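Letter by letter, the chains look like this.
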Amino acid sequence: MGHEKRPHNENIKLAISVWSTKERNVVAVILVLMLLISALLWMTTQTILTGGVAPSIDAIRWTTILVAFLLYFFLIALAGVSAIIVRSRWIMRGALALLALLPFAWFGFSLPTVIAAILLFVAFWQFDWNVRIETMHRTHFAVLKSLHYGLGFAVSLSLLAISFLFYSAVERSQSSTTTPVDAAVEGASSAVNQILLLQVPSYDPTETVDALLRRLALPQIEKAVRKGAANVTPDSGKNDNKEPSLTNPAQLLDMLGMSGAQAVLQELPQNVRDELASKPQDIETILAGAQEQTVNRALAELRDQLLQEMKVDANGATPIGDIIQQLLDSSLRPKLTPYQHFIPPVLALAMFVILQLFHAVYIPLIIVFAALIVSLLKVCKILHIRTVQQPVEIVSIE
């Protein structure tokens, strides 16, 4: 009798039926875990991209970004290990299809989201295919070798998909109170705050204007009185006609400190100046006494003058970070508004380029995660690696 060809679906059922109960349970747990991690990843990504976390650079935002990256690395590593463990390609592809559809739950249905879903499916499908082929043709199992082929392409495509999801999030914001211009201004504000934090260790975006002026003025006053210049104000001629600028934060803070020192010294009585000159180390005590109101009045006048020159709506209790955002808003908004329709793709492209810059770092981290997963499965006696002997036909000329 000839071989009876079975329907394709029946072949799948037969392939599944020969699995042991333990194997079916392990595969089910792994695939459910992969989908759960994917859901957490897209939920966290949506929180970051849509501004669910405050735009200022702080510990909460960095923690959220770190969690998103760890979920991303773990998801790709688990997908690679699943390609080795799950024998049925169709079951795996079904799980990958669900994985690619999950972003719709958080980013809605739109053309960028559809493109992102397609990119995700292609990325994981080709990764699954390459891992299976490489594992099948290897005589010795090695996580690094099995996952290496196709991993770089999968990472690049998935990063491109994340950029399209960002594009979708920015486009959706156009129908709400936040516009693409707002997103660009907030992004610029976050970048400037981060640069200031790196260049000026004492910078704090939550510090108020009054607190900043006092903190900057007191060291300049002490420097002046230690040089014996308590009876004369600091030379501010070199700062005339210079508007505050964010291009040189150190120079800007120095200028504010000297201006504050000049304003305070001009208002202080002669006897207080003499006392400062004789006891510069007690500047805090001297100025915190009866001269507290004089110092506050002088700094308040300087503050009002500076805020008026900068044309920002603020007062002494306004955080510095808010003033920076207002300055950037007044500078960038008129220039970006005519091109606001081009902002979403530009921001998405910029995100992809930034993420792609660290592409070489992602690969070894994913390999490490995959190795940890395999080691854990071995320790739990779930995964076994056996050495078998198979006959091989060799063609030769004799």
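Look a little higher up for the structure.
It should be emphasised that the depicted structure is a prediction, and the values quoted were computed from it without experimental measurement.

With that out of the way, let us pick up the overall build of the protein chain. For the protein chain, the helix and strand inventory stands at 17 helices and zero strands. Sorting the 398 residues of the protein chain into buried and exposed places 41% on the buried side. For the protein chain, contacts bridging at least 24 residues in sequence account for 78% of all contacts bridging at least 6. Entry remark: accessible area of the protein chain is about 22700 Å², with carbon and sulfur atoms responsible for 62%.

This next bit is on the side chain of Ser168. Among the secondary structure elements, Ser168 is positioned in helix α8 (residues 151-173). On the basis of relative accessible area, Ser168 is assigned to the buried category, the value being 1%. Those residues in contact with Ser168 that lie beyond four places of it in its chain are Phe107, Ser110, Pro112 and Thr113.

So, on to the nonpolar core. Within the largest apolar cluster, 57 residues are counted, with the highest numbers of intra-cluster contacts made by Met34, Tyr72, Ile76, Phe124, Leu151 and Val155. Broken down by secondary-structure element, the contributors of at least two residues to this core are α2 (21-49), α3 (59-85), α4 (89-101), α6 (111-137), α8, α16 (343-357) and α17 (359-379). With residues up to four places along the chain from it excluded, the contact list for Phe124 reads Leu75, Ile76, Ala79, Leu96 and Leu99. Listed in part, the 19 residues of the second largest apolar core include Val200, Tyr203, Val209 and Leu328.

Let us look at helix α15 (residues 320-336). End to end, α15 covers 23 Å across 17 residues, agreeing with the expected 24 Å (1.5 Å per residue, within 8%). Considering bend angle alone, the principal kink of α15 is centred on Asp329 and spans about 30°. Among all positions in α15, only Ile320, Gly321, Ile323, Ile324 and Leu328 are buried.

Okay, the packing of α4 against α6 next. Here α4 crosses α6 at 155°, and the two axes come no closer than 9 Å. In terms of axis orientation, α4 runs roughly antiparallel to α6. Read as a crossing pair, α4 and α6 show a hand that is right-handed. Judged by residue contacts, Arg89, Met92, Arg93, Leu96, Ala97, Leu99 and Ala100 of α4 engage Ala117, Leu120, Phe121, Phe124, Trp125, Asp128, Trp129 and Arg132 from α6. A per-class count over the contact of α4 with α6 returns eleven nonpolar, no polar and four charged.

A full pass over the atoms with the stated rule returns four salt bridges. A salt bridge links Asp329 to Arg333, with the nearest nitrogen and oxygen atoms 2.7 Å apart. Within this pair, Asp329 and its partner Arg333 are both found in helix α15, separated by four residues, close to a single helical turn. Taking the relative accessible area as the measure of exposure, Arg333 reaches 26% and is therefore partly exposed. In this structure, a network of salt bridges that share partners links the residues Asp210, Arg303 and Asp304.

Here the focus is the packing of aromatic side chains. With the rule as written, the count across this model stands at nine aromatic pairs. Measuring from centroid to centroid gives 6.1 Å for Phe74 and Phe369, while their planes differ by 75°, and the two rings are edge-to-face. In this pair, Phe74 sits in helix α3 while Phe369 sits in helix α17, placing the two residues 295 residues apart along the sequence. Of the residues examined, Phe74 reaches a relative accessible area of 25% and is grouped as partly exposed. Members of the aromatic cluster, joined through ring pairs, are Phe69, Tyr72, Phe73, Phe74, Tyr362 and Phe369. Its end group placed over the ring of Trp90, Arg93 keeps NZ or CZ at 4.9 Å from the ring centre.

Definitions and limits used
Residues numbered from 1 in each chain as written. Predicted model: local features only at pLDDT ≥ 70, side-chain atom pairs only at ≥ 80, totals over all residues. Heavy atoms only, no water. Helix = DSSP H or I, 4+ residues; strand = E, 2+ residues; numbered from the N terminus. Buried < 20%, exposed > 50% of the residue type's maximum accessible area, 1.4 Å probe, protein only. Contact = heavy atoms within 4.5 Å. Areas by Shrake-Rupley, 256 points an atom, 1.4 Å probe, with all protein chains shown as cover. Core = buried A, V, L, I, M, F, W, Y, C linked by side-chain atoms within 4.5 Å. Expected span 1.5 Å × (residues − 1). Bend = angle between axes of the 7 residues up to and from the residue. Axes fitted to C-alpha atoms, helices over the stretch in contact; angles between N-to-C directions. Parallel < 35°, antiparallel > 145°, perpendicular 65-115°, else oblique. Left-handed = near helix turned anticlockwise from the far one by under 90°. Nonpolar A, V, L, I, M, F, W, Y, C, P; charged D, E, K, R; others polar. Salt bridge = Lys/Arg side-chain N within 4 Å of Asp/Glu carboxyl O. Phe/Tyr/Trp six-rings, centres within 6.5 Å; stacked < 30°, edge-to-face > 60°. Lys NZ or Arg CZ within 6 Å of the ring centre and 35° of its normal.

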